[in-house]
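Given next are the chains, with one letter for each unit.
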Amino acid sequence: MSLPIVVQVVVDKPLAQGFDYLWDRDLLGGLPEVGSIVEVPFGRSLLVGMVIKVSAYSDYEIGKLKAVTRVAPLPPLDLAVLRLMNFASHYYIHSLGETIIPTIPQMWKKPDDWEKIPKKLVADQVKKKSEPESGEGFIDERNLNDGQKQALEKLRACFSKEFKAILLQGQTGSGKTAVFLNWLSGVLEDTSAQVLLLVPEINLTPQLERRVRAYFPDKKMVVLHSGVSEKVRGIAWYEAMTGKAQIILGTRLAALTPLPNLRAIVVDEEHDPSYKQQDGIRYSARDLAVWRAHDLKIPILLASATPSLETWMAAKAGRYEYIRLDQRAQGASLPQVHLVNTRDPQAQFSPGDLERPKSKSLITKTLANAVSKNLENKQQSLVLINRRGYAPVLSCGACSWLSKCEQCSSYMVLHKAGALGRKSVLSCHHCGLVKSIPSHCPDCGNADLKTLGQGTQKIEDAIEEMWPAARVLRVDTDSSRKSKGAEELFQEIHEGNVDIVVGTQMIAKGHDYQNIGLVAVLDADSRLFSQDFRAAERLFAQLVQVAGRAGRSNKDGEVGGAIYIETQFPESAVFQFLLRHDVDGFLSFTANERKEAGLPPFAYQALIHAEAKSLDKAIQFLSGLKGYLKSRGHINKGLRVYDPVPKAMMRVAGSERAQLLVESDDRKNLQEILEAMDLYFRENSQGRISKEGRIRWLIERDPISI
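The notes below deal with the structure included here. (Residues numbered from 1 in each chain as written. Predicted model: local features only at pLDDT ≥ 70, side-chain atom pairs only at ≥ 80, totals over all residues. Heavy atoms only, no water.)

### A short note on the sheet that holds strand S17 (residues 425-427)
Working step 1: Spatially, the three strands line up as an open sheet ordered S16-S17-S18, and their pairing is antiparallel. Looking at the sheet topology across the chains shown, the edges are occupied by strand S16 (413-415) and strand S18 (434-436). Taking each pair of neighbouring strands and ignoring which way they run, the sheet shows an average axis angle of 35 degrees.
Working step 2: In this structure, S16 lies alongside S17, joined through three bridges in antiparallel fashion. Bridged to Leu 414 within S17 is Leu 426. (Pairing = 2+ DSSP bridges. Helix = DSSP H or I, 4+ residues; strand = E, 2+ residues; numbered from the N terminus. Axes fitted to C-alpha atoms, helices over the stretch in contact; angles between N-to-C directions.)

The structure is reproduced here in structure tokens:
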């Protein structure tokens, strides 16, 4: 009698262990392999899982084991990506099934469609062969400037069969993309080699995709992000995991894609917080990419004009190779920085000004004059305000009523007609609740309701009033969703069909605008003061990025445009370092502040999140955890467990939220206490919900906002 074949399978459930199943070789058409995607019965349903172990034995009675029902028509995931998943599961305190299964596209998690999939792949191949390639943005190595050539030589010297982490720090417009694409051309001379290019946001992929296709017209490239259809993503993932695609371009989810022949990784805009997942397993794609490169003994390039403090310090300490680009690619100077002190009466319109707008001006006189001059010079202006909608709050002057959300501890934002539908509405940006605008105050009946603050729509209206002949375009998630997609809106700017662009941070990153002469930043102070210690670092990075959109096409000797920043606090370190374009100075200043305060990267942090129907229950749950840690002697000199507190956004969609911060001087010490917490939670929970009080909990490692 032959021995049974037993496989251990993990599924997308918050359960620490795998589950044993029988494998019927005749039914399934062959022997099992670790990494195979399968369908298994689980409770009363059928789930997709992955085989993590094959043996002839089980701790359970063989006769009571259920059997695997189907196998996906896929090769097993390669061992390297399984090592990555195991590390991510362990480090971020998440079960292996919760880590692996969400990374598989929906197309491969529908067993009823598995038999039809090969036909789809063939049809897609035929379609793709007929698509023309673009030649946009190609810069041959011979056309690089001296600084770029030197950087390229240093990069090539780093390419060997060993791990190398390289920081490429360059001014905005210095041509970092041209450098790393020319570097990758050497890597891709091996026809089996694969390279991974990560970008922080979906909006940046079309532009980079065109440039990559121009550099590598004969290489198979796929794009992976949540904005593509299920079918397109499923096929792209298949071509990546089978080695058919040599270039994989994508957002953070691409970092976990199986790539059997990976030879190099590029993380563009490595400082960007978008690389940190904010739901499910809260991983950092950048950090996992570095671990992956180390595991595979391959080079990884981290590119940024404003590196994160962690990366910059690693480069300064010699742990990362450090390559700099200190001049703009076309020789243009950096934009002039102007700080407009909004407390200064000279900066404001006065009653006697002829050019004073009819309604109350939302921008200063200083900035208005600069925009007018820029329009006269036939150049485009870019106005950044990091708040979409018309106004953040609707209020009643008679009784102080405010448009608070019923389900969240936030305000409902006024969106004017045409933004989220056919009529003006109040919308919550946290839970998605949409309501009609009241005709009178719900509390006192006053019909004279006013708006407080301003968003992109209100600024758009004000600019159209001040410059009626100018062509104004608003770029935010509302406008890109309403009519044209974001890429079409950006194309309008590139083609010169717009005079003034108003937008959120979507317009600030990575776009190679050729005729922006002026950049204006409104309400910069709203991001300067925050409970989050990284707020200043993020604001500085955003200001450098948006400033870099100006004057990119100017030639040698010409001024590289201008950036005007409206602030009440021009003396702040963020603005003073920006005046001098001193990125290193700001990072050094920030590092000293963090060291004195004992904050990351001089300490390691984790957040324990709790959600309940009442805040008291969530606080009590976390207090119980802290008491458990004390009683077990887990809290020592190098470890700090703070008292639980409400989250900054305390209530979202009806759930009250609290958090507990754990901080350690030692990474290993933090790992041990998080594993102890996880064990404590799992002993007292069903999945991620506590048995007592029905509290939903989550452990987040290396949080990027507190």
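### Section: the pairing of strand S21 (residues 500-503)
Working step 1: Of the two faces of S21, both are covered, the one formed by Ile 500 and Val 502 as well as the one formed by Val 501 and Gly 503.
Working step 2: Where strand S14 (residues 380-384) and S21 come together, four bridges link them in parallel fashion. Bridged to Val 383 within S21 is Val 502.
Working step 3: Pairing analysis gives four bridges linking strand S20 (residues 472-475) to S21, with the strands arranged parallel. From the neighbouring strand, Leu 473 faces S21, where its bridge partner is Val 501. (Buried < 20%, exposed > 50% of the residue type's maximum accessible area, 1.4 Å probe, protein only.)

### A word on the packing of helix H5 (residues 146-158) against helix H6 (residues 176-187)
Working step 1: The N-to-C vectors of H5 and H6 enclose an angle of 40 degrees; their axes lie 9 Å apart at closest approach. Taken together, H5 and H6 sit at an angle that is classed as oblique. Here H5 and H6 pass one another in a crossing that is right-handed. Residue-level inspection shows Gln 148, Ala 151, Leu 152, Leu 155 and Arg 156 of H5 in contact with H6, the latter providing Ala 178, Val 179, Asn 182, Trp 183 and Ser 185.
Working step 2: The residue makeup of the contact of H5 with H6, split by class, is six nonpolar, three polar and one charged. (Parallel < 35°, antiparallel > 145°, perpendicular 65-115°, else oblique. Left-handed = near helix turned anticlockwise from the far one by under 90°. Contact = heavy atoms within 4.5 Å. Nonpolar A, V, L, I, M, F, W, Y, C, P; charged D, E, K, R; others polar.)

### Some remarks on helix H9 (residues 285-296)
Working step 1: When the terminal C-alpha atoms of H9 are compared, their 16 Å separation across twelve residues agrees well with the 16 Å that a helix rising 1.5 Å per residue should span.
Working step 2: Every buried residue of H9 is listed here: Ala 285, Arg 286, Leu 288, Ala 289, Val 290, Arg 292 and Ala 293.
Working step 3: Tucked inside the fold, the buried residues of H9 contact helix H2 (79-91), strand S7 (194-198), strand S10 (262-268), strand S11 (299-304) and helix H10 (309-316).
Working step 4: Following H9 by one or two positions, Lys 297 has its phi on the positive side, about 60 degrees. (Expected span 1.5 Å × (residues − 1).)

### Comments concerning the side chain of Ser 36
Working step 1: Structurally, Ser 36 can be placed in the loop between helix H1 (25-28) and strand S3 (37-42).
Working step 2: Relative accessible area serves as the criterion here: at 7%, Ser 36 is assigned to the buried category.
Working step 3: Polar side-chain contacts of Ser 36 include one of 2.9 Å to the backbone oxygen of Glu 33.
Working step 4: Other than its neighbours up to four places away in sequence, Ser 36 contacts Gly 49, Met 50, Val 51 and Pro 76. (Polar contact = N/O pair within 3.5 Å; in protein donor to acceptor, adjacent residues only side chain to side chain.)

### A few points about the sheet that holds strand S22 (residues 516-521)
Working step 1: Strand order in the open sheet formed by six strands is S13-S23-S22-S14-S21-S20, and the pairing between neighbours is parallel. Each having just a single partner strand, strand S13 (336-341) and S20 make up the two edges of the open sheet. Within this sheet the neighbouring strands show an average axis-to-axis angle of 20 degrees, counted without direction.
Working step 2: Here S13 pairs with strand S23 (residues 562-567) via six bridges, running parallel. The partner of His 338 across the bridge, within S23, is Tyr 564.
Working step 3: Seen against the sheet, helix H15 (residues 535-547) touches S14, S22 and S23 and runs at an angle of roughly 145 degrees to S23.

### Here we look at the pattern of salt bridges
Working step 1: Applying the stated criterion across every chain yields a total of 34 salt bridges.
Working step 2: The shortest N-O distance in the salt bridge between Glu 321 and Lys 164 comes to 3.1 Å. One end of the pair, Glu 321, is in strand S12 (residues 321-325); the other, Lys 164, is in strand S6 (residues 164-170), with 157 residues separating them in the sequence.
Working step 3: For Lys 164, a relative accessible area of 22% corresponds to the partly exposed category.
Working step 4: Counted as one network, the salt bridges with shared partners bring together Glu 39, Arg 70 and Asp 112. (Salt bridge = Lys/Arg side-chain N within 4 Å of Asp/Glu carboxyl O.)

### Side note on the nonpolar core
Working step 1: Counting 57 residues, the largest nonpolar core has Ile 37, Ile 265 and Ile 300 as its most contacted members.
Working step 2: Residues contacting Ile 37, with those up to four places away along its chain left out, are Val 48, Gly 49, Met 50, Val 71, Ala 72, Leu 74, Leu 77, Ile 104, Trp 108 and Trp 114.
Working step 3: One finds Leu 309, Trp 312, Val 498 and Leu 528 within the second-largest nonpolar core, a separate group that totals 39 residues. (Core = buried A, V, L, I, M, F, W, Y, C linked by side-chain atoms within 4.5 Å.)

### A look at the state of the cysteines
Working step 1: Applying the stated rule across the entire model yields zero disulfides.
Working step 2: Free cysteine Cys 408: the closest other cysteine sulfur is in Cys 431, separated by 3.6 Å.
Working step 3: A relative accessible area of 24% means that Cys 431 is categorised as partly exposed. (Disulfide = S-S within 2.5 Å.)

### A word on the packing of aromatic side chains
Each aromatic ring pair is specified by the distance between its two centres and by the angle formed by the two planes.
Working step 1: Tallied over the entire structure, the rule returns 15 aromatic pairs.
Working step 2: Their ring planes at 45 degrees and their centres at 6.5 Å tell us that Trp 108 and Trp 237 sit as a pair that is tilted. Of this pair, Trp 108 sits in the loop between helix H3 (96-100) and helix H4 (117-129) while Trp 237 is found in helix H8 (residues 230-241), placing the two residues 129 residues apart along the sequence.
Working step 3: Trp 237 gets classed as buried once you look at its relative accessible area, which sits at 2%.
Working step 4: A centroid spacing of 6.1 Å and a plane angle of 75 degrees characterise the contact between Phe 577 and Phe 586, whose relative ring orientation is edge-to-face. The same class applies to Phe 577 and to Phe 586, which are both buried.
Working step 5: Aromatic rings pair up to connect Phe 621, Tyr 628, Tyr 680, Phe 681 and Trp 697 into one cluster.
Working step 6: When the ring centre of Trp 697 is taken as reference, the NZ or CZ atom of Arg 688 above it lies at 4.9 Å. (Phe/Tyr/Trp six-rings, centres within 6.5 Å; stacked < 30°, edge-to-face > 60°. Lys NZ or Arg CZ within 6 Å of the ring centre and 35° of its normal.)

### Notes on helix H17 (residues 583-597)
Working step 1: Given a rise of 1.5 Å per residue, 15 residues ought to cover 21 Å, and the 21 Å separating the end C-alpha atoms of H17 matches this to within 8%.
Working step 2: Every buried residue belonging to H17 is among Val 583, Asp 584, Gly 585, Phe 586, Leu 587, Thr 590, Ala 591 and Arg 594, and all of these are buried.
Working step 3: Where H17 begins, the capping side chain belongs to Asp 582, and its oxygen is found 2.7 Å from the backbone nitrogen of Gly 585.
Working step 4: Remark: Gly 598 follows H17 within two positions and exhibits a positive phi of approximately 70 degrees.

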